[in-house]
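One letter stands for each residue in the lines below.
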Amino acid sequence: MAPPNDSPAPPWSVKGVSREARDAARRAAAAEGATIGEWLGRAIRRAGEAPSGAAAAAAEGAGAAAGAAGGAEVRRAAAARIAASEARVRDIVDPLREVVRRLAGRVEALEREKPDGGGSKSL
């Protein structure tokens, strides 16, 4: 016999859920001010209440719902990695820019020292 709806449900374990999905669910629940159980229950109910034509997409979307919150985290992590990569490139390029600037200055100085008409023909 199933427990009445107002009694607490027994603990439930779902195997095969990745750490990333669990973390995304925690973040999504926290963003909504809900417990993970409350948030997950709503996500499952939404998937179960979806119209039959969208049932497969909703079932897939239940996992994606955690990913939606996780998506923002993934975007932040990607942005941080991009920023770090850009900083590394700047650390490499900036000194090269300075070398090129100095070399250009030396070339310009040599060209100024070169006597006019030094082998170049004028038209």
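Cut-offs applied
- Residues numbered from 1 in each chain as written.
- Predicted model: local features only at pLDDT ≥ 70, side-chain atom pairs only at ≥ 80, totals over all residues.
- Heavy atoms only, no water.
- Helix = DSSP H or I, 4+ residues; strand = E, 2+ residues; numbered from the N terminus.
- Buried < 20%, exposed > 50% of the residue type's maximum accessible area, 1.4 Å probe, protein only.
- Areas by Shrake-Rupley, 256 points an atom, 1.4 Å probe, with all protein chains shown as cover.
- Salt bridge = Lys/Arg side-chain N within 4 Å of Asp/Glu carboxyl O.
- Expected span 1.5 Å × (residues − 1).
- pLDDT = per-residue confidence, 0-100.
- Axes fitted to C-alpha atoms, helices over the stretch in contact; angles between N-to-C directions.
- Parallel < 35°, antiparallel > 145°, perpendicular 65-115°, else oblique.
- Contact = heavy atoms within 4.5 Å.
- Nonpolar A, V, L, I, M, F, W, Y, C, P; charged D, E, K, R; others polar.

Asker: In this structure, what is going on with the overall build of the protein chain? I would like to understand it.
Answerer: Helix and strand counts for the protein chain come out as 3 helices and 0 strands. Helices and strands appear in the protein chain in the N-to-C order α-α-α. Of all 123 residues assigned to the protein chain, the portion counted as buried reaches 11%. Entry remark: accessible area of the protein chain is about 10100 Å², with carbon and sulfur atoms responsible for 60%.

Asker: Sorry, what's going on with the pattern of salt bridges here?
Answerer: Between side chains of opposite charge, a pair can form when the charged atoms approach closely. All told, the structure shown has 5 salt bridges when counted by the stated rule. For Arg42, the salt bridge identified is with Glu32, shortest N-O distance 2.7 Å. Remark: Glu32 occurs in helix 1 (residues 19-32) and Arg42 occurs in helix 2 (residues 36-49); sequence separation between them is 10 residues. Owing to a relative accessible area of 30%, Arg42 belongs among the partly exposed residues under this scheme. Linked through salt bridges whose partners overlap, the residues forming this network are Glu98, Arg101 and Arg102.

Asker: What's the story with helix 2 in this structure? I'm lost.
Answerer: Helical periodicity: at 3.6 residues per turn, an α-helix aligns residues three or four positions apart in one direction. With 14 residues, helix 2 should reach 20 Å at 1.5 Å per residue; the first-to-last C-alpha distance of 20 Å fits that figure. Every buried residue of helix 2 is accounted for by Trp39, Gly41, Ala43 and Ala47.

Asker: For this particular structure, what's the right way to read helix 1?
Answerer: Here helix 1 contains 14 residues, and its C-alpha end-to-end distance of 20 Å stays within 8% of the 20 Å for a straight helix at 1.5 Å per residue. Count one or two residues on from helix 1 and you reach Gly33, which has phi positive near 70°.

Asker: What is the right way to read the confidence of the model for the protein chain from this model?
Answerer: Interpreting fine coordinate detail is not advised for predicted regions of low pLDDT. This prediction gives the protein chain a mean pLDDT of 74; 69% of its residues lie at or above 70. Here helix 3 (residues 55-113) stands out as the element of the protein chain with the lowest mean pLDDT, 77, in contrast to helix 1, whose mean of 84 is the highest.

Asker: Can you walk me through the packing of helix 1 against helix 2 in this structure?
Answerer: The geometry of helix 1 relative to helix 2 is characterised by a closest axis approach of 8 Å and an angle of 100° between their N-to-C directions. Classified by the interaxial angle, the pair formed by helix 1 and helix 2 is roughly perpendicular. Between helix 1 and helix 2, the contacting residues are Ala25, Arg26, Ala28, Ala29 and Glu32 on the first element and Ile36, Trp39 and Arg42 on the second. Split into classes, the residues belonging to the contact of helix 1 with helix 2 amount to 5 nonpolar, no polar and 3 charged.

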